[in-house]
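# Architecture and fold: a report
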Amino acid sequence: MTTANQTPITSCLVIGGCGFLGGAIVRSLLEKHPNCRITAADIRLTGQIAHKNLKYVTVDITDLASISSVVENAKAEVVIHTASPVHGLGKEIYMKVNVDGTKNVVEACVRGGVRVMVYTSSAGVVFDGSPLVNVDETEPFPIIPYDAYNESKAIAETVALEANGKGGMLTTALRPAGIFGPGDRQLVPGFITVVKNKQTAWQLGDNTNLFDFTYIDNLAVAHILAASVLLHQHSTTGVTDASVDQRKHLDGTSIFVTNGQPVYFWDFAKAIWCHYGVYNAGSIVLSRSAGLVIAGLAEGFSKLMGREPGLTRFRVKFSCAHRYFDIRKAKDLLGYEPEVSLTEGLRRSIEWFKAEGEKEGK
Amino acid sequence: MPKFATIWHYTTHPYQLRAMLHWKYLRDPLHFRNPDKESAELKRCYEFLEMTSRSFAAVILELQPEMRVPVALFYLVLRGLDTIEDDMTLNNDVKIPLLQNFYQILDQPGWTFDGNAPTEKDRQLLVEFDVVITEFGKLKDVYKDVIRDIAKQMGEGMAETCRGPAKNLDGLPLIKDYDRYCFYVAGLVGEGLTRLFVPAGVANPGLLTRPRLYISMGLFLQKVNIIRDFREDLEDSRSFYPKEIWGKYVDKYTDLGLPENEEKALACQSDMVLNALDHADDCLYYLAGLRDQSVYNFCAIPQVMAIATLALLFRNPEMYKRNIKIPKGEACELMMDIGNLRTTCDTFKKYIKVIRAKNTPKDPNFLEVSVKCAKIEQFIEGIYPTITKKQKEEKREKELKTGKTVYIGDSILPKNTATILFLITFFSFMFVNFIFLAAFVIGAEFDFSAEAWETWTFFKMKNETDILQDVTESVVEAVTKTLTHQEL
């Protein structure tokens, strides 16, 4: 399946290889690069796949010695670094894992003579609360970061990209938005909770805002494409001069990756809910401003009661603002074409969640 | 007398009524014909144009002079081919050679054909086809070559269809076949027109290197017509819906028209609409390459009509019962507002909204339709960004100065003229109310007795002072107080 500007990957280390994304990358590699020797490293090893070309090791990227020895032992030409803590934790942990951890990974890779490093960043690095309308890679980081998570991802991305050219190593950073799929613990489950709480009648805002989502397997493929394009470049032209337009080359630059199918936020929600028999969702429309007032009250009330508020001002703003991207760079430079459509991706996710629910029920 | 429904429609859609009156009485065409300089044959050609297609004739006749004759003749040549292909009474032995050799006929002065069935609606065009041939002979060679070549390809395509399996009610088998059929009858027209426009300097030559765009121009129109004509085609025992689509919903094509299958038929319809919408952004892209206003209008008007029709058809069960059309007023409004690419994009967005409003999770194509609508919006956003670079720069500058996040949002001022008119009326009304209330407060009496009606003096002051002056003074005082916060 490789084309002219891609080189097959013969050895690869996937950091965070047991995670939601890392696991998908490992499976994709097994399928698309059957001769590739894979090392999957993670802090805890779960859901291991038995395969002759695949080996699992534990790693703590906040410990330079640990990651260095893993990189050294893996002897991989490509390192894909996907490890990152989930949302909703403290600033300290984000800085430690995302920033310091990525510095350690970079150092270990340079020392270990790795050729290509692909870093999983986040589309959130350009988010500061304002709508993101058809944004491309020319969009700078915000002056004031939105929160600690996005700030730490932006710094880590810079660390990864600045390593481009060190010891001949080529690096790139992928910025996915709204990752979902079987095994996702955040996005689709959030919508399913709404069905369980019977809150689907409510719709915030007029549903004109577009949102980008990314099916996990497509994102995994994009990582592999990026790696093999850079691998090809490593053996041909090498590092690109920094003066070249950043939209024209991959190394040392970031790249947005989504399903390329932005969709109206509440339509996505409704598409999930109709799998649960809810066809009349969003019959009560609450305007954005009314939503903000109610959410403010809800937050205050929950604070008094010491509970987690269901509706927060963040959720209101988030579900009423555009948040979609122009992924032409990924299409042009990676030859990326999402193989799994939004509809099909959702179908597969829901099937998985329903099966999981049955398992738990038994 | 117009029907009550029609009157009601225009009462609730005054813009359309206004557009219709404008279009009819107040509009100057971009370019006028000059009948004194036209030959008798050309005049006859234009008459045929008006006979065969009212809607196309209007836009063709307003084309700039260099393009008007070639486009009009191109249209008539294709009409001629169509009239032969359409006629079910013609034997294949006659029909197929005629279709295949039609491009050569264009260079045979005096050729006419009266073999069509008397019921064939454009048969007269072929009876007098020599006028078309005469005018064709006067065209520049570049235009002749294009028209001949397209007539040849289209004739070949039509002959192939004739040789294929007899037309039945299964429609075309695959989406691929559906696209191929639409290419022969409409995509080729897009190709031909582009090849006429570019040498005349009225279109960007880049359009010739992007076949996908000009093919989409034709396919979009053709597919909308095919979807809309379900009932009409069924009555003529024809169908063009690909089985690959309708087969997902019903077992037999005719089942689509049965009332008990309404939900399935609507799902099939939304699938067809989805398929047609695929071409919408290509059409906008193509329109961006046109350089002359009259050519732009000629190309864009059918496209906006198509998107409006598509919005009307989407999830509309009426379509399976009768031939539905957009109201005339709406069509006039679309033609009046054609303007430029920006307004055309706005029109597309407007109808995308209509489609979205009818989209429902009950439809199996719900998410796909939503994604497709969004795709068109994203495409338009790429040409006309809603947040400008300047806005973004200003935001960053402010943030650097103040250290606080500046949110970019929509302005609160309404953009819609109707809303503004309503607000003006509302505030004028409130103002008059306020004056009366003020008059009442300072002691005016309202008198509606029989005598008052005779003299029309409904207001009286208890103390006989000048009521108008009093009211004015108190209003001025109240306003100044409020503005200067004196009372605080």
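Residues numbered from 1 in each chain as written. Chains lettered and ligands numbered in written order. Predicted model: local features only at pLDDT ≥ 70, side-chain atom pairs only at ≥ 80, totals over all residues.

## Here we look at the overall build of chain B
Broken down by element type, chain B carries 23 helices and 2 strands. Here the C-alpha radius of gyration of chain B, 30 Å, is well above what a compact globule of 488 residues would show, namely 23 Å. Per-residue burial for chain B yields a buried fraction of 36% across its 488 residues. Nonlocal contacts in chain B, meaning residues at least 24 apart in sequence, comprise 73% of its contacts between residues at least 6 apart. (Helix = DSSP H or I, 4+ residues; strand = E, 2+ residues; numbered from the N terminus. Rg over C-alpha atoms; globule rule 2.2 N^0.38 Å. Buried ≥ 20, exposed ≤ 12 C-beta atoms within 10 Å, placed from the backbone. Contact = placed C-beta atoms within 7 Å.)

## Let's talk about the overall build of chain A
Broken down by element type, chain A carries 11 helices and 15 strands. Computed over the C-alpha atoms, the radius of gyration of chain A is 21 Å, within 12% of the 21 Å expected from 2.2 N^0.38 for a compact globule of 362 residues. By the burial criterion, 49% of the 362 residues in chain A qualify as buried. Nonlocal contacts in chain A, meaning residues at least 24 apart in sequence, comprise 78% of its contacts between residues at least 6 apart.

## A word on the UniProt feature "domain: 3-beta hydroxysteroid dehydrogenase/isomerase" (unreviewed entry) in chain A
Mapped onto this numbering, the UniProt entry annotates "domain: 3-beta hydroxysteroid dehydrogenase/isomerase" (unreviewed entry) at residues 13-287 of chain A. Helix makes up 36% of residues 13-287 of chain A and strand 19%. Its end C-alpha atoms lie 48 Å apart. (UniProt positions renumbered as here; feature names shortened; annotations may be inferred.)

## Re the domain arrangement of chain B
Looking at the assigned domains, one finds that chain B contains domain 1 (30-164), domain 2 (169-386) and domain 3 (428-484). Of note, the centres of domain 2 of chain B and domain 3 of chain B, computed from C-alpha atoms alone, are 60 Å apart. (Domains from an automatic or database assignment.)

## A closer look at the confidence of the model for chain B
Per-residue pLDDT for chain B averages 88, and the proportion of residues at 70 or more is 92%. Per the prediction output, this complex has pTM 0.86; the corresponding ipTM is 0.91. (pLDDT = per-residue confidence, 0-100.)

## Quick word on the sheet that holds strand β2 (residues 37-42) of chain A
Residues and elements named next belong to chain A. Taken in spatial order, the 7 strands line up as β3-β2-β1-β4-β5-β7-β12 in an open sheet, and their pairing is parallel. The sheet is open, and its two borders are formed by β3 (54-58) and β12 (254-257), each paired with just one other strand. Across the sheet, the axes of successive neighbouring strands diverge by a mean angle of 20 degrees, strand direction being ignored. Pairing geometry for β2 and β3, over 5 bridges, is parallel. Residue A41 lies in a different strand from β3, and its bridge partner there is V57. In the packing of helix α1 (residues 20-32) onto the sheet, contacts are made with β1 (11-15), β2, β3, β4 (78-81) and β5 (116-120), and the angle to β2 comes to roughly 170 degrees. Sitting on the sheet, helix α3 (residues 91-111) is in contact with β1, β4 and β5, with an inclination near 180 degrees to β4. (Pairing = 2+ DSSP bridges. Axes fitted to C-alpha atoms, helices over the stretch in contact; angles between N-to-C directions.)

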